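These are the residues of each chain, in order.
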Amino acid sequence: MRSKISRLNDRPGDLAAIRQEWLDVSADVRPADRDEAEFGVALAYDSAGLTPPRTVIWVPDPALGAIVAAVVATRSTRISGKVWAEARQRARRTASLVYTNRAWHHAHAATRFPAPDRVEPAIRSAALGLAFASRTPAKMPAVLRDGSPPSEWHAAQAVTDAARATWGQYAFWRHGRVDYRKRAVRVAMEALGAPEQDLPQWLRYRTPHYLQAKQCLDWALGQRAHLEELALLDALGRLHDGVPYRAVDGMATVARSAGWWWPFEDVAVVCERPARRALDREGRLHAEDRPALAFPDGFAAYFWHGRIVPRWAVLEPTPPRIAAEANVEVRRCAIEALGWARFTEEAELTLVDECPDPGNPGQRLSLHTVPGKVWGTPARVLVCTNGSVDLDGGRHTFGLLVPVTVDSALGAAAWGYGLTAAEYAQLERRA
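Residues numbered from 1 in each chain as written. Predicted model: local features only at pLDDT ≥ 70, side-chain atom pairs only at ≥ 80, totals over all residues. Heavy atoms only, no water.

1. Let's talk about the overall build of the chain
Along the chain, the regular secondary structure elements total 21 helices and eleven strands. The buried share of the chain, reckoned over its 431 residues, is 48%. For the chain, the proportion of contacts with a sequence separation of at least 24, taken over those separated by at least 6, is 66%. Summed over all atoms, the accessible surface of the chain reaches about 20400 Å², with 51% contributed by carbon and sulfur. (Helix = DSSP H or I, 4+ residues; strand = E, 2+ residues; numbered from the N terminus. Buried < 20%, exposed > 50% of the residue type's maximum accessible area, 1.4 Å probe, protein only. Contact = heavy atoms within 4.5 Å. Areas by Shrake-Rupley, 256 points an atom, 1.4 Å probe, with all protein chains shown as cover.)

Here it is as structure tokens:
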């Protein structure tokens, strides 16, 4: 009987290459290969012991996909967990017959992604905003057609309102209109073969609520998080004869060929990949002159170093708009997009004090008073320069809010480090 493989030290280059392949998959912005993805869907069902779906619904973006999936979930059995869990368990069981725990952990360490992916959660946040930035009906029947009492409807509506308040105001409104949600309902109902006379009723009463679509987005986010495990099983399969990997081959094929997807008993919903993902050096969504995230149909959102913001905050930041913005983080991002030097001049901030920065030779510190109309409450802001050089050779200028009681630029810089002004003055260089 052949003994289990216990060491993989002779294949470190292969493991690193496989890991990089899967990192490239997670960042792919090419159009989806629909034929290959649909083959992968059928294979994934078959590997889990299920009958492949009759229909594959293609959607251009995750906001529309989440709504379509939520509608399909009301008419079709949801088998999302089984499709992944059965295939993964089979692959793990087979691999355990070939590799010892030591070899397994060695391969896992070698194929682990370098850092948590921040892009997928950001896509989910944008999708939630664009899916639920919609107008609410003026009136609601005392009892819904499906028998839900008014109290349940009001509870669901409150959650929807909260989602809209959080994300909707920072997304493209044309995606959040009621007709965008109705489009998704119509796509799903037509794919399910619903009679034409049923559509008006569904369009009126069955537009998915926040929690239904959120569950679909949670599933999509979870399956993308499994890319690292697919990389591990892929590596183990290639190092041996492919047996451990075959059970998840369908899942891997979909991951390599398309974006998020949602499996149901007789229908699968598959999403296109993003057409563009612009990232900063830390891997966060960020672009200074366009949407950082965009899908083929125009679904897009603006991000500033990982934070979703309204379009104007990136492309048209102005002191009046900044002053009118209630969200402090959006204000901060808009000021950075405008530039602190320009903002202090155009917003007519009062210079309190300035001096050379002893912790950052060659740079200066300037302390300004911010009028209440700009920040909501009286405040002071220290404008300073990053202590380290950026990848492009420049330096990042930023502002730090400090207590209104601080009356010197040196004291404001020291306050940020928990030091006295005298202690900060002795620094050779700050970070």
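2. Details of unusual backbone geometry
Although it is not a glycine, His 305 adopts a positive phi angle of roughly 50°. Its location among the elements puts His 305 in the loop between strand 6 (300-304) and strand 7 (307-309). The class for His 305 is partly exposed, based on a relative accessible area of 27%. If you check the backbone angles, Glu 348 has positive phi at about 60° while not being a glycine. Mapped onto the secondary structure, Glu 348 falls in the loop between helix 18 (340-346) and strand 8 (350-356).

3. Brief notes about helix 3 (residues 62-73)
Given 3.6 residues to a turn, an α-helix orients residues that are three or four positions apart in the same direction. Between its first and last C-alpha atoms helix 3 spans 16 Å; for twelve residues at 1.5 Å apiece the expected length is 16 Å, and the two agree. Along helix 3, the residues classified as buried are Pro 62, Ala 63, Leu 64, Gly 65, Ala 66, Ile 67, Val 68, Ala 69, Ala 70, Val 71 and Val 72. The backbone nitrogen of Ala 63 has a side-chain oxygen 3.0 Å away, supplied by the residue at the start of helix 3, namely Asp 61. (Expected span 1.5 Å × (residues − 1). Polar contact = N/O pair within 3.5 Å; in protein donor to acceptor, adjacent residues only side chain to side chain.)

4. Considering the nonpolar core
A general tendency of soluble globular proteins is for nonpolar side chains to be buried together. Ranked by size, the top nonpolar core spans 96 residues in total, and within it Trp 22, Trp 261 and Trp 262 carry the most contacts. A total of nine residues in this core trace back to one element, the largest contributor, which is helix 3. Residue contacts for Trp 262: discarding those within four places in its chain leaves Pro 62, Gly 65, Ala 66, Ala 69, Cys 216, Leu 217, Trp 219, Ala 220, Val 267, Ala 268, Val 269 and Cys 271. Formed by 19 residues, the second largest nonpolar core is a distinct cluster that contains Trp 304, Leu 338, Trp 340 and Leu 349. (Core = buried A, V, L, I, M, F, W, Y, C linked by side-chain atoms within 4.5 Å.)

5. Looking at the sheet that holds strand 1 (residues 55-59)
Across a sheet, strands are paired by hydrogen bonds formed along the backbone, either parallel or antiparallel in direction. Taken together, the three strands give an open sheet; going across it, the order is 1-3-2, and neighbouring strands pair in mixed fashion. Sheet topology places strand 1 and strand 2 (261-263) at the edges, where each strand pairs with a single neighbour. Strand-to-strand twist across the sheet, computed as the mean angle between neighbouring axes with direction ignored, equals 15°. Pairing of strand 2 with strand 3 (residues 267-271) involves three bridges; the strand directions are antiparallel. What sits directly across from Pro 263, in strand 3, is Ala 268. In this fold helix 3 packs onto strand 1, strand 2 and strand 3, with an angle of close to 170° to the strand it touches most, strand 3. (Pairing = 2+ DSSP bridges. Axes fitted to C-alpha atoms, helices over the stretch in contact; angles between N-to-C directions.)

6. Topic: helix 17 (residues 328-338)
Among the residues of helix 17, those classed as buried are Val 330, Arg 331, Cys 333, Ala 334, Ile 335, Glu 336 and Leu 338. The first or second residue beyond helix 17 is Gly 339, which carries a positive phi of 105°.

7. Description of the sheet that holds strand 7
Pairing is antiparallel in the open sheet, where four strands are placed in the order 4-5-6-7. With partners counted over all chains shown, the strands left at the sheet margins are strand 4 (276-277) and strand 7, one partner each. Of the strand pairs in this sheet, strand 6 and strand 7 are connected by three bridges, and their pairing is antiparallel. Bridging across to strand 7, Phe 303 finds its partner in Ile 308. Running at roughly 80° to strand 7, helix 17 makes contact with strand 6 and strand 7 of the sheet.

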